[in-house]
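One-letter residues, chain by chain:
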Amino acid sequence: MRNLLIIGNWKMHGNWETSHALLHRLHESLNKFPNAIKIGVCPPFVYLERTHNFLSSHQSLIKLGAQDVSTEENGAYTGQISAAMLQDVGCEWVIVGHSERRHILNESSEQVAQKAMMALKSKLTPIICIGETLKERENSRTQQVLAEQLAPVLALGDNLSKIVVAYEPVWAIGTGLSATPEQAQEIHAWVREEVAKVDQNVAQSLPILYGGSVKPSNALELFGCPDVDGGLIGGASLDAGTFFEICKSAYNLAEDMPLPLE
Ligand code: PGA
C-alpha cells in the first residue's frame, strides 16, 4: 500500500503575514491527523526558512517543500537556488517541471530531469510534474507528450525509486475544471506501466500524485482511484479550511484508519 501524499503549492501568492496565518491554521487542524498520510507545503523561496522554523518549533507533522531548484550545483548563477541550499533550510521535497515553468519559462524535459538529479544528490525528493495541454489532448497526443516528458526521467536509473511523479493536465490547472477520476486513473495507470517497463518493483511503489483543480468536492473520488496516490494542490491550498477538507478526504481513504475528525 502506497501512503497518500498531499502537497500544497503556494506558488507566488501572499506575503509573510498571510503565509504565517495560513500555517498557523493548517498546523492547528492538520496536527490532529495521525501519521497515516503525509502532508507538505511549498511556500515561495523567501519564506522557506521561516516556515521551517515555524513547523519545527511547533513539532508539526507538516513537511516542507520548495517550488523549484537550479540545474546547477553551485557557482555564478544569479538568482538561482541550489538543492543543497534547500536541504539546508529544511526542505524534504522540491517540485520540478511544473507546467507554469515548462510553458512560461520554456523549461525542457532534460532540464527538469537534471533538476530532479540535483535534488536527489542533496537527499531531497523531487516531485516531477508532467502534463498535456488541452490542444494536445484534443489531438489525441496525450500519451505521446507525457512519454516525451517522462523519457529523461526514466533514465534516472536506480534513483527512480526515490522520486514522486505528479500528473497535472495543463488544462486543469487553476481552471476549476479537474480531470475526471476515470481520466486521472487512465493516465496514472499508464504512467505506472511506463515505469514498470524499466523496473516493476519501483513502478508498484512509485507515488503518482494528481494535480489540477483538486477541491473538497472531488478529492475523495480522485484519491480513491487505485493509481492516484494523493494530490498536488494549488489554489485550494491557500485556504486552510479548504486544504484541511482535502487532506481529510485522503485521511479517510488511508488504510485501516478510524475517523477521529468531525
Ligand atoms: P490548482 O493548481 O490546484 O490551482 O489547479 C495545481 C498546481 O498547479 O499544482
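Before any of the text, the structure's been laid out above.
Residues numbered from 1 in each chain as written. Predicted model: local features only at pLDDT ≥ 70, side-chain atom pairs only at ≥ 80, totals over all residues. Heavy atoms only, no water.

Chemist: How should the overall build of the protein be read in this particular structure?
Modeler: For the protein, the helix and strand inventory stands at eleven helices and eight strands. What you see for the protein is a C-alpha radius of gyration of 17 Å, in line with the 18 Å of a compact globule of 262 residues. Relative to its 262 residues, the protein shows a buried fraction of 55%. Long-range pairs, those at least 24 residues apart, make up 72% of the contacts in the protein between residues at least 6 apart in sequence. (Helix = DSSP H or I, 4+ residues; strand = E, 2+ residues; numbered from the N terminus. Rg over C-alpha atoms; globule rule 2.2 N^0.38 Å. Buried < 20%, exposed > 50% of the residue type's maximum accessible area, 1.4 Å probe, protein only. Contact = heavy atoms within 4.5 Å.)

Chemist: Would you mind showing me how to read the packing of aromatic side chains here?
Modeler: How two aromatic rings sit relative to each other is given by the distance of their centres and the angle of their planes. With the rule as written, the count across this model stands at two aromatic pairs. On the basis of an interplanar angle of 40° and a centroid distance of 5.7 Å, the ring pair of Trp16 and Tyr47 is categorised as tilted. Separated by 31 residues along the polypeptide, Trp16 in helix H1 (residues 16–30) and Tyr47 in the loop between strand S2 (38–42) and helix H2 (48–57) bring together distant segments of the chain. The same class applies to Trp16 and to Tyr47, which are both buried. (Phe/Tyr/Trp six-rings, centres within 6.5 Å; stacked < 30°, edge-to-face > 60°.)

Chemist: How should the site of the ligand be read in this particular structure?
Modeler: In the vicinity of the ligand, 13 residues are found, and the nearest of them are Lys11, His98, Glu168, Gly174 and Ser213. One nitrogen or oxygen atom from the main chain of Gly234 is found 2.9 Å from an oxygen atom belonging to the ligand. If the ligand stood free it would expose 280 Å²; the protein chains cover 95% of that surface. Partitioned by chemical class, the residues of the shell around the ligand number four nonpolar, seven polar and two charged. (Near = heavy atom within 4 Å. Polar contact = N/O pair within 3.5 Å; in protein donor to acceptor, adjacent residues only side chain to side chain. Areas by Shrake-Rupley, 256 points an atom, 1.4 Å probe, with all protein chains shown as cover. Nonpolar A, V, L, I, M, F, W, Y, C, P; charged D, E, K, R; others polar.)

Chemist: In this structure, what is going on with empty space enclosed by the protein? I would like to understand it.
Modeler: For the coordinates displayed, the defined rule picks out two cavities of 30 Å³ or more. As a volume, the largest cavity reaches approximately 60 Å³. If you trace the largest cavity, you find ten residues lining it, with Leu30, Ile37, Ile39, Leu61 and Ile62 closest to the centre. Split by residue class, the lining of the largest cavity holds seven nonpolar, two polar and one charged. (1 Å grid on protein atoms, 1.4 Å probe; cavity = no way out; pocket = protein on both sides within 12 Å on 5 of 7 lines; lining within 4 Å. Points joined across faces, edges and corners; volume = space filled by probe spheres on them.)

Chemist: What's the story with the state of the cysteines in this structure? I'm lost.
Modeler: Formally, a disulfide is one covalent bond, and it connects the sulfur atom of one cysteine to the sulfur atom of another. Under the definition given, this model contains zero disulfides. Cys42 provides the cysteine sulfur closest to Cys91, a residue in no disulfide bond, and the two sulfurs are 7.7 Å apart. Its relative accessible area of 7% is what places Cys91 among the buried residues. (Disulfide = S-S within 2.5 Å.)

By themselves, these are just geometric observations and shouldn't be taken as functional.
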